[in-house]
6 protein chains.
Amino acid sequence: MILIISLIFSLLSFSHASVLDFCVADYAAPIGPAGYSCKKPAKVTADDFAFSGLGVAGNTSNIIKAAVTPAFDAQFAGLNGLGISAARLDLAPGGVIPLHTHPGASELLVVVQGSILAGFISSDNTVYLKTLKKGDVMVFPQGLLHFQINAGGSPALAIVNFSSSNPGLQILDFALFKSNFPTPLIVETTFLDAAQVKKLKAVLGGTG
Amino acid sequence: MILIISLIFSLLSFSHASVLDFCVADYAAPIGPAGYSCKKPAKVTADDFAFSGLGVAGNTSNIIKAAVTPAFDAQFAGLNGLGISAARLDLAPGGVIPLHTHPGASELLVVVQGSILAGFISSDNTVYLKTLKKGDVMVFPQGLLHFQINAGGSPALAIVNFSSSNPGLQILDFALFKSNFPTPLIVETTFLDAAQVKKLKAVLGGTG
Amino acid sequence: MILIISLIFSLLSFSHASVLDFCVADYAAPIGPAGYSCKKPAKVTADDFAFSGLGVAGNTSNIIKAAVTPAFDAQFAGLNGLGISAARLDLAPGGVIPLHTHPGASELLVVVQGSILAGFISSDNTVYLKTLKKGDVMVFPQGLLHFQINAGGSPALAIVNFSSSNPGLQILDFALFKSNFPTPLIVETTFLDAAQVKKLKAVLGGTG
Amino acid sequence: MILIISLIFSLLSFSHASVLDFCVADYAAPIGPAGYSCKKPAKVTADDFAFSGLGVAGNTSNIIKAAVTPAFDAQFAGLNGLGISAARLDLAPGGVIPLHTHPGASELLVVVQGSILAGFISSDNTVYLKTLKKGDVMVFPQGLLHFQINAGGSPALAIVNFSSSNPGLQILDFALFKSNFPTPLIVETTFLDAAQVKKLKAVLGGTG
Amino acid sequence: MILIISLIFSLLSFSHASVLDFCVADYAAPIGPAGYSCKKPAKVTADDFAFSGLGVAGNTSNIIKAAVTPAFDAQFAGLNGLGISAARLDLAPGGVIPLHTHPGASELLVVVQGSILAGFISSDNTVYLKTLKKGDVMVFPQGLLHFQINAGGSPALAIVNFSSSNPGLQILDFALFKSNFPTPLIVETTFLDAAQVKKLKAVLGGTG
Amino acid sequence: MILIISLIFSLLSFSHASVLDFCVADYAAPIGPAGYSCKKPAKVTADDFAFSGLGVAGNTSNIIKAAVTPAFDAQFAGLNGLGISAARLDLAPGGVIPLHTHPGASELLVVVQGSILAGFISSDNTVYLKTLKKGDVMVFPQGLLHFQINAGGSPALAIVNFSSSNPGLQILDFALFKSNFPTPLIVETTFLDAAQVKKLKAVLGGTG
């Protein structure tokens, strides 16, 4: 009986040559709208599905007293094409992640340590604010402006996840004041005073 | 021969009772993540697939000297579920559509009249600027900050289209200064001076 | 204070090396089901997001007194992967765009000049007809047969948009009478008279 | 040991109250762009996932000597939302399924009995023809005109499947000649002779 | 000047009546293939976007010495339609989450505390195993069998996220031994000995 | 008149150079998350859209008395990117397709010959069983464990279709007992007895 069971091998082995349960990124091959090309299955190992970069706290000895460490498909090849990614947020006391959007993804934040005040603004200009404690979760719908602030006196840590392996990140202050966006155009399209624009450009390194 | 051809009726008529080539919005029924519920096919007429609201120029006698007239699924029931929508932009001389994003769609702009300076900012803080003349087209990838300015001395008109029947619209100045976003939080998450924030809130009607 | 703000640079600059807010077509690289491969971000310029081909009226000195000028991903590299495209329709008096389908997209038409009689046919063989004037919009749900006819005595111009960057175009008369579709098979699958088929093949250049 | 294993019950039973592995159609509730509303899980039985309508040969005693029997979501509630459906084609000797499209799906045909000549036409007016024998498979890409003809002297049977639970069906002859499409408009948009149009309308019952 | 700026209100306020940046679940209304119906925007508050259920450790005083606490759309209304969800895994020393699949989602696991041995099996029967320490991330591609085991001597905690707001969960042992799956059919479709099946059914409460 | 009609050629021929109604797989070029790269349209022939592999009965002279013959995108290049595929199941009397899942697709089965007992298990551990006769159809929702057994005394044949051109296939027994899954881990994550695991590994060739 054992003998004949082993005959199953030849019958159902058809799919082995072309297994595509996953598409680990091959960074050297072409990229398309759906993501990176796939590494050949034979070269894929368990290491491709793991990422150790979120294990180290980011350096928060800086002005925003915060750090973001990403695990997107550009850092973590195993995520390619799977529609999910992650990042860690470290916020020292007083730390803040400035207003930003993810153009192509919704975000789900889990507070692992400390307390965080988070918020987003909807298209009808309503601000949704929540003070989150350890273990609380908050979702930020796709493409909307949002922020995170350490709301306690001790370091805060959050794990954030995205509904895309390439969520993108557009930080408002950087888009305006760390770019080559000409000051007159910024003034014209935001109503900010030119002096305010120049002051922040000087700080952040914007040109134009 | 004519007689028997007509027998085809009974054979291939199967799909008639449940035609769902389209899903015209029934605004009175529940809405889900994919859009509005569908009007019963028997009640659908040609009028459901047409919309006359873009035929009238918007009133540009205002501070931005500009007007936006939408044809989204909330205005145009026939678009529901079809992944496309439109709007018209009227820009008087000096007119501007301030910095904004569409959280759920890419935008394609066609200049119908006049000249428009348009731009968007990518996640790596590069500003892509183009001066467009009549007939020129420009695309603004999903979720990124962008703007349009009349670049000529005469009125400009553009038709814009979106890759969603519900593209959304988040205007930066309104999100910040016409909302209930508390001033201290704006300052903390944008680095703008409190005085600047208060000045624009006074103008636009923001609270908090 | 200005000094320390500039420290943000190093913290949040992580995404810069792999920006994929967009995927401008690289026509020389492989194409996949989701579109063309992406041009390297460093080589992308503002020109990739603009297209000037719709600014010139098509030549309508022909039998259909009409012209179609496309801005699909094959013509406009910046559209690749964004799920949207456009075309301009020029219809001289008496002009007509013959019955056709877009296999992979819904279409949204905006009349920019003149008057257009447009219509589509649903799966249950209902014909939806509308006479559209300047500024009117009409939607043609995905994959259904539709047409446009100049309904006035003066030239008409329309901008059409699609819910795909590669909408496709199948013109009924060309599929039947300008192809290598053997006449006996056309007769058998359409019930048209062979004489009618041969007459139109002679005109349009069909073989078989 | 057995005792404690049973404690797993309470731990991992969380998802039971809201199982949505499937969404069996509730034909009495609202329909949306993504399909029918879901029947309550408690009322779902194995019968909802099976359909017996394809077991009976269609009646081919008619002019096209053919019959189509569908198993779409409108007939088979268990398919709702799953992106797949089926139909059976019966073709007596000389039988033909006239030129048609499925606006929202690709089709995969498997010949179960007999021989079938099938073909489709692409956007560049190339006709792809194949004579298929028992067991052969052919795919018809989404939205393109295609047909099937019995290619042998005996009855043919095929099972066709679609990449949508609501593929739609637009039969060219019915759209033109069994509808309310006014004859002058048909002539204008197809170049067919009016006499040809009237002849087929008389047969198929078209008006206008 | 302030006066006229405020005129912007009327111009760009068009989208306010129909904001659909999000679709918070209304559990009392119909469910469709794309998710729950949306709560009326006017009734949505910040609380709808937050969830506190992951803040409390699950009770691991059980046979698997483990607990799973979900934040799916059925528990967390704000996730509806956004394509993302989460859960927390608590694993006491010796704890294990048995072999299982998520039929509709990929999973991303972040180890928050302790050490976890995790693995999944691909379609070609390759087992991908990783021992993960605090901060390590691992991805489990959609629909594949996988498991998690506490790999250290102290409690382990992981946050897992999914690429769907309704990922589903099929636990192998429960599907086989806690269901009404008749023992002869289990034996026939798994090759397990009937005695083994009956033993585990007795423990887990299976019938049939 | 004939003369001028032929002028249409130049007008509407724009899309010919870049026809992408389909994307026939080029197995030698890179693969991405959305499928294989496309063969150049000029090299595509009708043969690319047909597949003859399902015409031959599989060899059922084996222990499971069954055979599966696939027509996935890896075997049938024309399916690439179209979201559909097929397979044939041959079940001799007493034949069985063991418990398995398709990680990325729903399945639709049509019984062509004989009688089949089929079933699937949902996330809430309900078993849905049906005995199907010739012509009956059954659907297996995405990612759930299911099986097929010959329910009659004669050979059974079924055509199955999938909602993906790359549905995947994970056979439970092979994942556990024909893989390199270490026995202690199997025992720990399934509660099976080590003796049972070793017995089946000996039969199926598993290691570890």
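All of these numbers come straight from a predicted model, not from anything done at the bench.

Enquirer: Explain the pairing of strand β11 (residues 146-150) of chain A to me, please; I cannot follow it from the model alone.
Expert: As a general feature of sheets, a regular strand has side chains that alternate between the two faces. Residue and element names in this part refer to chain A. With respect to burial, β11 is a largely interior element, five of its five residues being buried. Burial along β11 is two-sided: H146, Q148 and N150 and F147 and I149, pointing in opposite directions, are all buried. Where strand β6 (residues 96-101) lies against β11, three bridges are found, and the strand directions are antiparallel. Looking at the pairing, H100 lines up with H146 of β11. Across five bridges, strand β8 (residues 116-121) lies against β11 in antiparallel orientation. Counted as the bridge partner of A118 is Q148 from β11.

Enquirer: Before we go on, may I ask you to explain the sheet that holds strand β11 (residues 146-150) of chain D in this structure?
Expert: Strands belonging to one sheet form pairs held by backbone hydrogen bonds; the direction of such a pair is parallel or antiparallel. Reading across the sheet, the five strands line up as β9-β8-β11-β6-β13 (chain D) and stay open at both edges, with antiparallel pairing between neighbours. Each end of this open sheet is capped by a strand with a single partner; those strands are β9 (127-132) and β13 (170-171) of chain D.

Enquirer: Sorry, what's going on with the nonpolar core here?
Expert: Within soluble globular proteins, side chains that are nonpolar tend to cluster in buried spots. By size, the foremost hydrophobic cluster in this structure holds 430 residues, and its most contacted members are A:F181, B:F181, C:F181, D:F181, E:F181 and F:F181. Those residues within four positions of B:F181 in sequence are excluded, and the remaining contacts are A:L99, A:I121, A:V127, A:F147, B:A175, B:L176, B:I186, B:T189, B:K201, B:T207 and B:G208.

Enquirer: Whenever I open this one, the state of the cysteines confuses me. Can you help?
Expert: Formally, a disulfide is one covalent bond, and it connects the sulfur atom of one cysteine to the sulfur atom of another. Residue and element names in this part refer to chain C. Throughout the structure, instances matching the rule amount to six disulfides over all chains. Between the sulfur of C23 and that of C38 lies a disulfide, 2.1 Å long from S to S. Taking the torsion about the S-S bond as the criterion, the C23 to C38 disulfide, at about -100°, is left-handed. On the criterion of sequence distance, the pair formed by C23 in the loop between α2 (8-12) and β1 (31-32) and C38 in the loop between β2 (35-36) and β3 (50-51) is long-range, its members being 15 residues apart. C38 sits in the buried class, given a relative accessible area of 13%.

Enquirer: What am I meant to see in the interface of chain A and chain B here?
Expert: Taken together, the contact pairs 46 residues of chain A with 47 residues of chain B. A combined buried area of about 3,900 Å² lies between chain A and chain B, and 61% of that area is made up of carbon and sulfur atoms. Contact with chain B buries surface across chain A, with A:N125, A:Q170 and A:F191 losing the most and accounting together for 16% of the total. Linking chain A with chain B are two salt bridges. Among the salt bridges present, the one from A:D193 reaches B:K199, with a minimum N-O distance of 2.9 Å. Counting every contact that joins chain A to chain B gives 18 residue pairs in polar contact (both at pLDDT 80 or more). Those elements giving two or more residues to the side of chain A that touches chain B turn out to be β6, β8, β9 (127-132), β11, β13 (170-171), α3 (172-177), α4 (183-190) and α5 (194-204) of chain A. No other element matches the six residues that α3(A) contributes to the side of chain A that touches chain B.

Enquirer: What is the right way to read the relation of the copies chain A and chain B from this model?
Expert: The operation relating the two chain copies consists of a rotation about an axis and a shift along that axis. Once turned by 180° and shifted 0.0 Å along the axis, chain A lies on chain B with an RMSD of 0.0 Å. Classification of the inter-copy transformation places it as that of a two-fold axis. When C-alpha distances to the rotation axis are compared across chain A, the minimum falls at A:G143, with a value of 2.8 Å. Taken together, the interface assignments show that 100% of the residues at the interface of chain A recur at the interface of chain B, consistent with an identical surface on both copies.

Enquirer: Is there a simple way to explain the side chain of E:T183 in this structure?
Expert: Structurally, the position occupied by E:T183 is in helix α4 (residues 183-190). Sequence-distant contacts of E:T183, defined by excluding residues within four places in its chain, comprise E:A194, E:V197, E:K198, E:K201 and E:G208.

Enquirer: Looking at this model, I keep getting lost on the environment of F:V203. Mind explaining?
Expert: Residues and elements named next belong to chain F. With respect to the element layout, V203 can be found in helix α5 (residues 194-204). On the basis of relative accessibility, which here comes to 6%, the residue V203 falls in the buried class. As a C-alpha pair, V203 and F22 span 181 residues in sequence and 44 Å in three-dimensional space.

Enquirer: What is the right way to look at the UniProt feature "binding site: Mn(2+)" (unreviewed entry) in chain A in this model?
Expert: Residues and elements named next belong to chain A. According to UniProt, the feature "binding site: Mn(2+)" (unreviewed entry) maps to H100, H102, E107 and H146 in the numbering used here. Spatial clustering of the annotated residues is evident: they stretch over 47 residues in sequence, but the largest pairwise C-alpha distance comes to 11.7 Å. You can call H102 buried: its relative accessible area is 4%. Excluding anything up to four places from it in sequence, H102 contacts E107, G143, H146, F162, P167, G168 and L169. Only 3.4 Å separates the side chain of H102 from the side chain of H100, close enough to count as a polar contact.

Enquirer: Looking at this structure, how should I read the arrangement of the chains?
Expert: There is a clear gap between chain A and chain D: no contact, and 18 Å between their nearest C-alpha atoms. If you take every C-alpha in chain C and every C-alpha in chain E, the smallest gap between them is 18 Å, and the two do not touch.

Enquirer: Any chance you could explain the sheet that holds β6(A) here in plain terms?
Expert: Taken in spatial order, the five strands make up an open sheet running β9-β8-β11-β6-β13 (chain A), and their pairing is antiparallel. The open sheet has two edge strands, β9 and β13 of chain A, and neither has a second partner.

Enquirer: Any chance you could explain the pairing of strand β4 (residues 66-71) of chain D here in plain terms?
Expert: Residues and elements named next belong to chain D. Most of β4 is tucked away: six of the six residues are buried. Residue alternation in β4 divides its side chains into two sets, A66, V68 and P70 and A67, T69 and A71, and both sets are buried. Where β4 and strand β5 (residues 85-91) come together, six bridges link them in antiparallel fashion. Within β5, the position partnered with V68 by the bridge is L89.

Enquirer: Looking at this model, I keep getting lost on the domain arrangement of chain A. Mind explaining?
Expert: You'll often see interface size given as the accessible area lost when the parts meet. As far as domains go, chain A holds domain 1 (63-168) and domain 2 (174-204). Look at where the C-alpha atoms of domain 1 of chain A and domain 2 of chain A centre, and you get two points 25 Å apart.

Enquirer: Looking at this structure, I do not really get the side chain of D:N150. What am I missing?
Expert: Residues and elements named next belong to chain D. Tracing the sequence through the fold places N150 in strand β11. The exposure class assigned to N150 is buried, which follows from its relative accessible area of 6%. Here the side chain of N150 touches G152 through a polar contact of 2.8 Å, landing on its backbone nitrogen. Beyond its immediate stretch of four places on either side in the chain, N150 contacts L91, A92, P93, G94, G95, S115, P155 and A156.

Enquirer: Where do I start with unusual backbone geometry in this structure?
Expert: The phi angle at D:N125 is positive, at roughly 65°, despite the residue not being glycine. What makes D:N125 buried here is its relative accessible area of 6%. Positive phi values are uncommon outside glycine, yet E:K65 reaches one of about 50°. With respect to the helices and strands, the residue E:K65 is situated in the loop between β3 (50-51) and β4 (66-71). Classification of E:K65 as partly exposed rests on a relative accessible area of 39%.

Enquirer: Would you mind going over the confidence of the model for chain A with me for this structure?
Expert: Interpreting fine coordinate detail is not advised for predicted regions of low pLDDT. Residue and element names in this part refer to chain A. Per-residue confidence for chain A averages 91 on the pLDDT scale, and 91% of its residues sit at or above 70. Counting contacts from residues 1-19, a segment whose pLDDT is below 50, to residues more than four positions away or on other chains yields 42 contacts. Overall fold confidence for the complex sits at a pTM of 0.93, while the interface term, ipTM, reaches 0.91.

Enquirer: Mind showing me how you'd approach the pattern of salt bridges here?
Expert: Pairing of side chains with opposite charge becomes possible as their charged atoms draw close. All names here are of chain A. Evaluation of the coordinates by the stated rule reveals 30 salt bridges over all chains. The closest approach of N and O atoms between R88 and D90, which form a salt bridge, is 2.8 Å. When its relative accessible area of 7% is taken as the criterion, D90 is described as buried.

Enquirer: Help me out: how do you make sense of the packing of aromatic side chains in this one?
Expert: The geometry of an aromatic ring pair is captured by two quantities: the separation of the ring centres and the angle between the planes. Counted under the stated rule, the structure contains 66 aromatic pairs over all chains. Each ring, one from A:F72 and one from A:F162, has its centre 5.5 Å from the other, and the planes form 85°; the classification is edge-to-face. Note that A:F72 is positioned in the loop between β4 (66-71) and β5 (85-91) and A:F162 in strand β12 (residues 156-162), a separation of 90 residues in sequence. Given the relative accessible area of 7%, A:F72 is considered buried. Geometrically, the ring pair formed by B:F22 and B:F49 is edge-to-face, given 4.9 Å between the ring centres and 70° between the ring planes. Of this pair, B:F22 sits in the loop between α2 (8-12) and β1 (31-32) while B:F49 sits in the loop between β2 (35-36) and β3 (50-51), and the two are 27 residues apart along the sequence. On the accessibility criterion, B:F22 (7% relative accessible area) is buried. Clustering of aromatic rings is evident, with ring pairs tying together A:F22, A:F49, E:F120, E:Y128 and E:F140.

So, how was this worked out
- Within every chain, residues take consecutive numbers counted from 1 along the sequence as written.
- A letter from A marks each chain and a number from 1 marks each ligand, given out in the order of writing.
- Where local features are concerned, this predicted model is filtered to residues with pLDDT of at least 70; where side-chain atom pairs are given and counted, the filter is 80 or more; whole-chain, interface and lining totals use all residues.
- The side-chain values count all of the structure's non-hydrogen atoms but skip hydrogen atoms and water molecules.
- A 1.4 Å probe rolled over the protein chains alone gives each residue an accessible area, and that area as a share of the maximum for its type sets the label: buried under 20%, exposed over 50%, partly exposed in between.
- Only runs of H or I of at least four residues qualify as helices and only runs of E of at least two qualify as strands under DSSP, and these elements are numbered from the N terminus.
- Think of it this way: DSSP has to see at least two bridges between two strands before they count as a pair.
- Residues belong to a common nonpolar core when they are buried Ala, Val, Leu, Ile, Met, Phe, Trp, Tyr or Cys residues joined through side-chain atoms within 4.5 Å.
- Contacts are assigned to residue pairs with any non-hydrogen atoms lying within 4.5 Å of each other.
- When the sulfur atoms of two cysteines come within 2.5 Å, that pair is taken as a disulfide.
- Accessible area that two parts lose when put together, with a 1.4 Å probe and added across both, is what the buried area reports.
- Salt bridge, as applied in this entry: a Lys or Arg side-chain nitrogen positioned within 4 Å of an Asp or Glu carboxyl oxygen.
- Pairs of N or O atoms are called polar contacts if they sit within 3.5 Å, as long as, within protein, a hydrogen donor faces a hydrogen acceptor (for residues adjacent in sequence, only side-chain-to-side-chain pairs).
- Superposition of the copies was done by least squares, using only C-alpha atoms of residues whose pLDDT is at least 70 in both.
- UniProt positions are given in the numbering used here, feature names are shortened, and annotations may be inferred rather than shown by experiment.
- What fixes the domain bounds is an automatic or database domain assignment.
- pLDDT measures the predictor's confidence residue by residue and takes values from 0 up to 100.
- To pair, rings of Phe, Tyr and Trp, with the six-membered ring standing in for Trp, must have centres within 6.5 Å; the planes then decide the type, stacked if under 30 degrees apart, edge-to-face if over 60, and tilted in the middle.

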